[in-house]
Structures are given as C-alpha cells and as structure tokens.
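Okay, here's what each chain looks like letter by letter:
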Amino acid sequence: MSGVIDTLARTALSSLTAAGFTGALIVRDSDSVLIASVPDSRRKWADIALKSFTCLPLFDEGGRARYALFPALPDGADPYRRTVRFRVTGDDVPAKWADRLISHTVLITPGDTTEADIPAGLSIAVFGTPARAADIAVTALA
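Let me begin by describing the structure that accompanies this report. Everything quoted here is computed from the prediction, not taken from an experiment. (Residues numbered from 1 in each chain as written. Predicted model: local features only at pLDDT ≥ 70, side-chain atom pairs only at ≥ 80, totals over all residues. Heavy atoms only, no water.)

### Section: the side chain of D135
Among the structural elements, D135 can be located in the loop between α3 (118-127) and β7 (136-141). Only 2.6 Å separates the side chain of D135 from the side chain of R132, close enough to count as a polar contact. Not counting chain neighbours up to four residues away, the residues in contact with D135 comprise R87, V88, T89, G90 and F127. (Helix = DSSP H or I, 4+ residues; strand = E, 2+ residues; numbered from the N terminus. Polar contact = N/O pair within 3.5 Å; in protein donor to acceptor, adjacent residues only side chain to side chain. Contact = heavy atoms within 4.5 Å.)

What follows is the structure, encoded as structure tokens:
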C-alpha cells in the first residue's frame, strides 16, 4: 500500500497546489490514511480541489481545515472497519449525544460505501436521517 499512499499524497498535493494552496500540508496518518490541512479561511476552495478524492472532512483544529484522504479500493475488495471519533453539533441534539466525544466502529464496503459516507451514516444513527450529516463533526479515525 506504500506506493499507493505515496501516489495519493503527490496527487492530492498537486491538486491543492494547482488550486493556489501554497500553505497546504499533507502528512501520512497510517498506511491507508493521509491528513491534508489548509488555512480554514480557504475551506470552500479546498472542498473543490479535493472533490475527486475519497475524502472525509475532519473537525477544525487550530485554524486549519483538515481532511482525511483515502486511496480508492477496487469494487469487491474485502469490507473493513474503521473506528470514528466524533461530536454531534447543531440544533436539537438528542441528550444522549450532546456534549460528548463519541467513538463508534463503522463498516466500509468497497464498491458500496467509502469513508466519505461516514457522516451520513452516523447522522442516520443519531437523528434518523442522513440530511444532518453536516452536524456530525468527525475528529479522528483509525
């Protein structure tokens, strides 16, 4: 996977650089996850520059917009699990989810779901609808 993740890092950095991000940073979080960060003031541009990647926005830390980037896996690859840490934000948060950092294990099925689908899936569990995916603030995943 090392060659794949290295290629992903080069491609993502190239995409961010082409979009004018001279201060973009990309670090390897693991053998299958990269973390990209850009100044938070340019988050919307980063959303556009990273649209073609399997990407999960992460909760902002220190004025930087952060994104977890993942290599594409072929359809039919074995399902796998990721542990997600998140907070529930927004209005009308159910009491059992309010003001907590929650850890939850999710199943990723290549060809059906990716890490980018995590907020919508967690939103269904919390609110009963995927429409509140923006109210799921993922802080980390493993």
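From this point, things continue past the structure.
### Some details on the sheet that holds strand β6 (residues 102-108)
Spatial strand order, β6-β5-β7: three strands in an open sheet with antiparallel pairing. Each having just a single partner strand, β6 and β7 make up the two edges of the open sheet. The average angle at which neighbouring strand axes cross in this sheet is 45°, direction not considered. Pairing geometry for strand β5 (residues 80-88) and β7, over five bridges, is antiparallel. Each bridged residue has a counterpart across the sheet, and for V84 the counterpart in β7 is L141. The strands touched by α3 within the sheet are β5, β6 and β7, with β5 carrying the most contacts at an inclination of about 60°. (Pairing = 2+ DSSP bridges. Axes fitted to C-alpha atoms, helices over the stretch in contact; angles between N-to-C directions.)

### Some details on the sheet that holds strand β2 (residues 33-39)
Spatially, four strands are ordered β1-β2-β4-β3 in an open sheet, and the strand pairing comes out antiparallel. At either end of the open sheet lies a strand with only one pairing partner, and these are β1 (25-30) and β3 (54-61). Strand after strand, the sheet turns through a mean of 25° between neighbouring axes, direction not considered.

### Brief notes about the nonpolar core
Membership of the largest hydrophobic core comes to 21 residues, with the highest contact counts inside it found for L56, A68, F86, V88 and I136. When residues of this core are traced back to their parent elements, those giving at least two are β2, β3, β4 (64-70), β5, β6, α3 and β7. When residues in this core are grouped by element, the largest group, four residues, is from α3. In contact with F86, not counting residues within four places along its chain, are W97, R100, L101, I102, H104, L122, V126, I136, A137, V138 and T139. Among the nonpolar cores identified, the runner-up in size contains 17 residues, and L8, A36, V38 and A65 belong to it. (Core = buried A, V, L, I, M, F, W, Y, C linked by side-chain atoms within 4.5 Å. Buried < 20%, exposed > 50% of the residue type's maximum accessible area, 1.4 Å probe, protein only.)

The values reported here are purely geometric and, on their own, carry no functional implication.
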